[in-house]
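Inside the fold
Each chain is listed here by its residues.
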Amino acid sequence: MISRTPASIRFAFQALVALLFVFAGFTRPPMSNASPQTVTPSGSLDDKRQDVRVLLSNTRQLTFAGRRAGEGYFSQDGKMMVFQSEREPGNPFFQIYLMSLATGDIRRMSPGYGKTTCAWIHPDNQRVLFASTHLDPDSRKKQDEELKKRASGKPHRYSWDYDENYDIFEAGLDGRPVKKLTSALGYDAEGSWSPDGKLIAFSSNRHAYTEELSPRNQAVTKRDKSAMMDIYIMNADGTGVHRLTREMGYDGGPFFSPDGKKIVWRRFSEDGATAEIFTMNVDGTDQKQITRLGVMSWAPFYHPTGDYLIFSTNLNGFQNVELYLVDSEGKSEPVRVTTADGFDGLPAFSPNGDKLSWTSNRTPKKRSQIFFSDWNDAEARRVLGLAPEEAGLSRTTLDSSSPVLDGNKTVTEINRDDLRLHTTMLASERMNGRLTGTEGERRATDYVASVFQSLGFKPAGDDGTFFQSFEFTAGVSLGSKNRLVLGSGASQEKLEFTVDRDWRPLPFSKTGPVSPAEIVFAGYGIVAPATAGHEAYDSFIHLEAEDKWVLVFRYLPGDIEQEWRHDLARYASLRHKVMVARDRGARGLIVVSGPNSKVNDELVKLSFDASLAGSSIGVISVKGDFAERLLESSGKSLKELQDVLDRGEPTIGFQLPEVTLEANIDIVQEKRTGRNVLARLDAGETATQSAVVIGAHVDHLGQGLGAGSLARGDEKGLIHYGANDNASGVAGLLEVAQYLKGLKAKGQLHLRRDILFAAWSGEELGLLGSSYFTRTFGGKKEEPTNLSPGIAAYLNMDMIGRLDKALIMQGVGSSSVWTREIERHNAPVALPIVAQDDSYLPTDATSFYLKGVPILNAFTGAHEEYHTPRDTTDKINYPGTERIARFLASVTRSLATREDVPDYIAMKRAAGSRGRARMRVYLGTIPDYARGDVTGVKLSGVVKGGPAERAGAQGGDTIVELASKKIENIYDYTYALDALKIGAAVEMVVLRGDRRVKLTVTPESRE
């Protein structure tokens, strides 16, 4: 049961409480001898870090909703869990909830007001025990006061107050009224039933209110209500109350041994400086100290064999609570179980001993929730030096029903063989990489439509078909009429230059003739406002650019300080430079890379720009030799000019004497047609005016000849199969569709709103298909700005086939309902899930979020084969994909059957978020998006032969600094990359285990 600490320790221990979410407030630092000191059978505690891999496996987050949750305890059959959570509207305190581990259904068991804590399920699976203050006449007043404190924004100490109005109650799982079991004044809480259900052990300081205390004890109690806390026992009906401990100091958190003969608890020293684990007989005799660590050790819990205990301790640091093991007699040295920074405590084994639940703040927001893991009993016994278990425990298997909570009893039809079939078909050579607008895409969309048709879905595309077509610009090419003529000297001698060798138009340039005009030089062509520490930057100051060509350098000054580069980077894009020149009346813009830029190609690529937006002025890229000819009459060179500008020295633009430029720009846009595949599952007569949309993009990169491919040199022009990206997502979509259609056919799916299944095309080219859908939804002439309530929610699957560490659920911040939906529907599937709030994503979900629709996106993380021909079907984790599809199917079902629609939360785009923008800088790092619980950017790997690998970076490293910039998240990282200079070595600091490793990395150019 929950472990409390005395008031004298609560204030000094506030950092731990605030940071790590301990349900009680710890209040005094440990004594000076609290450094790690025990040794495991095979080495020091620090050497036992490998135990976390063998003792715990398949770790996943169980609860997600509310401000925090914890203290999860299993029912005796292992099918349910009771826990406490702050999630009740209008109540800032814990309430008690019961979850079916088979269905994920959750029901509140406490009254909903007042404070509650410390729940337990009776062995008959029909009753729940908990402590509550709901009968306190001031309970609602105390709620309001706490809410006002939080709303004020002023920090205040969180501490457990040992409210004397706490009493122990019993509530029936079948809705029977709450029954009060204790009535004495004082703190009665931390109760648990014995294995046979006949006794209750609990913690109480009731004697401090009823007995005559010595003057010394009166003073102690006045200062600290917990100092007089002791362990009590009583009959299950509340009669026969008997006090078991009488030592000064807080005795609390009692649990029965599996055979019901002993009680384990933790006892604080009289001064509250330390806490140790104790056991005793149920009659209070044979009290034995199990640990002697001299720190805060608390929350002990027996393994069902009774042979060993697990407990929480801050042995490894004041702000680092970890789980440890010790044998039940205290003969072995304690063994460390968890190694994550922060709080890991309040553990509980499942009744068959093969699962462990505990409370941890290893969440992205560092808010504590319940985590769940498989437990290796054999390894635990080995490291404790215990004999192997002889008979073995009776293993409880969860089925698809719950004795008390209604759930889905249908057998899922989602299976890995069908997922393998769909993925293999979509990622086959016949599909040729599924590039939008190609025959490969048509074959892929034909396949998806045929599956929908075979399942009996209604077409939801154009003219009664499954297809929704959209026209787009597939690419650009040079026409036959391109011409560039330089006039030089007093006689304006004409010299023509060759397109695609000396110069190249940019894809968003004005087309047609550009009459001869003079040329001015404007440095880097940047105009940026002043920022803290830096004056305004203006390349056009005192420069007359009207009706002239403007010559500028590509990129931004290379040798200025990093912070200034960050400030200027947002104004350094070519489109922004064109806009600035255009607004000053320029006739055209000439872009030169310059000798200091170290680019792979001096000329800007003529690549497709998904924005389709053109410019009203001519825009060309020229080689350095051509630019040098323009500068000849000025007596200056590119190198001289760029060196000065790169140092950030103020410079004034100038006109280039005796030169003019004339052009004819001929760019041919290639128009193609792509198509989405849309199918509808009708709700029928019960349909509301809103629909749920679930989708995945079917397109990929073809042979990778356009932008986006990350193929190595020897892979250029090969088929990019896109098995994970995103044949896996479409396979999941088809399986979810089949599953829900099957439920409806059986009469087991009573829809309130239609479900629309969508396989989008054009995602890789800039969300073209989903954007077209959201622009034209409803068939109105004007583009809708908000799709609510027509679309209640959008679920997306993009790259779900490489489940390793976790499923990443993105967009959780777009609605307040998502945490509960994830919590409920993941309980039966048991996926390791990382929930991320960000709703501005480089995938089709963003098309909906920008139109006022709450979104969720499922994603299993980046990998080295991303956007290469190596993304093939043999690398797909089909069992993991099956679990993800089952989870998404359950969420979809919930959204389509719930009475109300999810609310929409507008979020600001995170600083540093770049969407699909391609960065110039290349390091070859592969971020581990599943590790949202770390500070920095965790790497799942590094690209072979890339700058990061050559610098010594490794998979598993966490980047915490780059070029003197602190890195706390992926946005800090992309922001820091913006300011790096190609070819200029910088320091990168990574965490490798407990070590800070300094590396020197030299950025390369993607261009």
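Residues numbered from 1 in each chain as written. Predicted model: local features only at pLDDT ≥ 70, side-chain atom pairs only at ≥ 80, totals over all residues. Heavy atoms only, no water.

Considerations on the overall build of the protein
When you go through the protein residue by residue, the secondary structure sums to 20 helices and 53 strands. The buried share among the 1007 residues of the protein stands at 58%. A separation threshold of at least 6 residues defines the contact pool for the protein, and within that pool the share at least 24 residues apart is 68%. (Helix = DSSP H or I, 4+ residues; strand = E, 2+ residues; numbered from the N terminus. Buried < 20%, exposed > 50% of the residue type's maximum accessible area, 1.4 Å probe, protein only. Contact = heavy atoms within 4.5 Å.)

A short note on the nonpolar core
Membership of the largest hydrophobic core comes to 68 residues, with the highest contact counts inside it found for Phe452, Phe757 and Phe887. Those residues in contact with phenylalanine 757, other than ones at most four positions away along the chain, are Phe452, Phe457, Val677, Leu678, Ala679, Leu681, Ile694, Leu733, Val736, Ala737 and Leu740. Counting residues in hydrophobic clusters, the runner-up holds 53 residues, among them Leu98, Phe169, Ala236 and Ile277. (Core = buried A, V, L, I, M, F, W, Y, C linked by side-chain atoms within 4.5 Å.)

Details of the pairing of strand S32 (residues 512–521)
Of the pairings in the sheet, the one linking S32 to strand S38 (residues 654–665) comprises 8 bridges and is antiparallel in character. Bridging from a neighbouring strand, valine 520 pairs with glutamine 655 of S38. In this structure, S32 lies alongside strand S35 (residues 549–553), joined through 3 bridges in parallel fashion. Bridging across to S35, phenylalanine 521 finds its partner in leucine 551. (Pairing = 2+ DSSP bridges.)

Comments concerning the sheet that holds strand S23 (residues 335–336)
Through backbone hydrogen bonds, the strands of a sheet pair up, either in parallel or in antiparallel fashion. Read across the open sheet, the 4 strands follow the order S20-S21-S22-S23; overall the sheet is antiparallel. Where the open sheet ends on each side, the last strands, each with one partner, are strand S20 (297–302) and S23. Across 6 bridges, strand S21 (residues 308–313) lies against strand S22 (residues 322–327) in antiparallel orientation. When the bridges of S22 are listed, serine 312 appears paired with leucine 323.

Points about the packing of aromatic side chains
All told, the structure shown has 39 aromatic pairs when counted by the stated rule. Between phenylalanine 202 and tyrosine 232 the ring centres are 5.6 Å apart and the planes differ by 25°, which places this aromatic pair in the stacked class. In this pair, phenylalanine 202 sits in strand S13 (residues 199–204) while tyrosine 232 sits in strand S14 (residues 230–235), placing the two residues 30 residues apart along the sequence. Here the aromatic rings of phenylalanine 457 and phenylalanine 757 are separated by 5.2 Å at their centres, their planes lie at 70°, and the arrangement is edge-to-face. (Phe/Tyr/Trp six-rings, centres within 6.5 Å; stacked < 30°, edge-to-face > 60°.)

Let's talk about the packing of helix H9 (residues 439–454) against helix H14 (residues 723–745)
Two elements in contact, H9 and H14, have axes separated by 10 Å at closest approach and are oriented at 10°. As the angle between them shows, H9 and H14 are arranged roughly parallel. Judged by residue contacts, Tyr447, Val448, Val451 and Phe452 of H9 engage Val730, Leu733, Leu734 and Ala737 from H14. Of the residues belonging to the contact of H9 with H14, the class tally is 8 nonpolar, no polar and no charged. (Axes fitted to C-alpha atoms, helices over the stretch in contact; angles between N-to-C directions. Parallel < 35°, antiparallel > 145°, perpendicular 65-115°, else oblique. Nonpolar A, V, L, I, M, F, W, Y, C, P; charged D, E, K, R; others polar.)

Notes on the environment of lysine 908
Within the secondary structure, lysine 908 is located in the loop between helix H18 (878–897) and strand S46 (921–922). A relative accessible area of 79% places lysine 908 in the exposed class. Sequence separation between lysine 908 and tyrosine 840 is 68 residues; the distance between their C-alpha atoms is 8.7 Å.

Some words on the packing of H14 against H18
Each pair of packed helices gets described by two things: the angle between the helix axes and the distance between those axes. At a minimum axis separation of 9 Å, H14 and H18 run at an interaxial angle of 50°. Considered as vectors, H14 and H18 are oriented oblique to each other. Crossing geometry of H14 relative to H18 is assigned as right-handed. Along the contact surface, H14 presents Ser728, Gly732, Val736, Tyr739, Leu740 and Leu743, while H18 presents Thr881, Ala885, Ala889, Thr892 and Arg893. (Left-handed = near helix turned anticlockwise from the far one by under 90°.)

Considering the sheet that holds S13
Judged by pairing direction, the sheet is antiparallel, and its 4 strands sit side by side in the order S12-S13-S14-S15 without closing on themselves. The open sheet has two edge strands with one neighbour each: strand S12 (188–193) and strand S15 (242–243). In the sheet, S12 pairs with S13 via 4 bridges, with the strands oriented antiparallel. Bridge pairing in S13 links serine 192 to alanine 201.

Some details on the pairing of S20
With 6 of its 6 residues buried, S20 lies for the most part within the structure. Relative to S21, S20 is paired through 4 bridges, and the arrangement is antiparallel. Residue tyrosine 302 lies in a different strand from S21, and its bridge partner there is leucine 309. Here S20 folds back onto S21 in antiparallel fashion, the turn holding 5 residues, of which glycine 306 has a positive phi close to 80°.

So, the environment of glutamine 468
Checked against the element boundaries, glutamine 468 lands in strand S28 (residues 467–478). Note on glutamine 468: relative accessible area 9%, which makes it buried. When the C-alpha positions of glutamine 468 and tyrosine 772 are compared, they lie 9.2 Å apart, and in sequence the two are 304 residues distant. Among residues more than four places away in sequence, those in contact with glutamine 468 are Gly461, Asp462, Gly674, Arg675, Asn676, Leu678, Tyr772, Phe773 and Thr776.

Remarks on the side chain of histidine 825
Positionally, histidine 825 belongs in helix H16 (residues 818–826). Engagement of the side chain of histidine 825 in a polar contact is seen with the side chain of serine 890, the distance being 2.6 Å. A polar atom in the side chain of histidine 825 sits 3.5 Å from the side chain of serine 894. Here histidine 825 is in contact with Phe887, Ser890, Val891 and Ser894, once residues within four sequence places are set aside. (Polar contact = N/O pair within 3.5 Å; in protein donor to acceptor, adjacent residues only side chain to side chain.)

Considerations on the confidence of the model for the protein
A residue-level look at the protein finds 89% of positions with pLDDT of 70 or above and a mean pLDDT of 86. Confidence drops under a pLDDT of 50 for residues 394–412, and excluding neighbours within four residues, the segment shows 47 contacts in the predicted structure. When the criterion is pLDDT under 50, residues 912–917 qualifies, and its contacts beyond four places in sequence or with other chains add up to 14 contacts. (pLDDT = per-residue confidence, 0-100.)

Quick look at the pattern of salt bridges
In total, this model carries 55 salt bridges according to the counting rule given. For aspartate 682, the salt bridge identified is with lysine 458, shortest N-O distance 2.6 Å. One end of the pair, aspartate 682, is in the loop between strand S39 (667–681) and strand S40 (691–697); the other, lysine 458, is in strand S27 (residues 458–459), and 224 residues separate them in sequence. Here the salt bridges do not stand alone but share partners, grouping Arg67, Arg68, Glu86, Glu146 and Arg150 into one network. (Salt bridge = Lys/Arg side-chain N within 4 Å of Asp/Glu carboxyl O.)

Remarks on H9
Relative to the 22 Å expected for 16 residues at 1.5 Å per residue, H9 spans 22 Å between its end C-alpha atoms, a close match to the ideal helical length. Those residues of H9 not exposed but buried are Gly440, Glu441, Ala444, Thr445, Tyr447, Val448, Ala449, Val451 and Phe452. Those residues of H9 that are buried are in contact with helix H8 (416–426), S28, S39, H14 and strand S41 (754–760). (Expected span 1.5 Å × (residues − 1).)

A word on the environment of asparagine 415
Mapped onto the secondary structure, asparagine 415 falls in the loop between helix H7 (377–384) and H8. Note: C-alpha distance between asparagine 415 and tyrosine 878 (463 residues apart in sequence) is 8.7 Å. Asparagine 415 has contacts with Glu735 and Glu882, leaving out every residue within four places of it along the chain. Within polar-contact distance, the side chain of asparagine 415 engages the backbone nitrogen of aspartate 418 at 2.9 Å.

A look at the side chain of arginine 802
Topologically, arginine 802 is positioned in the loop between strand S42 (791–797) and strand S43 (807–810). For arginine 802, a relative accessible area of 17% gives the class buried. Within polar-contact distance, the side chain of arginine 802 engages the side chain of histidine 863 at 3.4 Å. Of the polar contacts made by the side chain of arginine 802, one reaches the backbone oxygen of lysine 875; its length is 3.4 Å.

Things to note about unusual backbone geometry
Geometrically, the link from aspartate 725 to asparagine 726 is a cis peptide bond, its omega value of 5° lying close to zero. Counting through the fold element by element, asparagine 726 comes out in helix H14. Here the residue pair serine 788 and proline 789 is connected by a cis peptide bond, since its omega of 5° sits within 30 degrees of zero. Looking at where proline 789 falls in the secondary structure, it is placed in the loop between helix H15 (768–776) and S42. Of note, glutamate 658 is a non-glycine position whose phi angle comes to about 60°, a positive value. Checked against the element boundaries, glutamate 658 lands in strand S38. Take glutamate 658: its relative accessible area is 49%, and that puts it in the partly exposed class.

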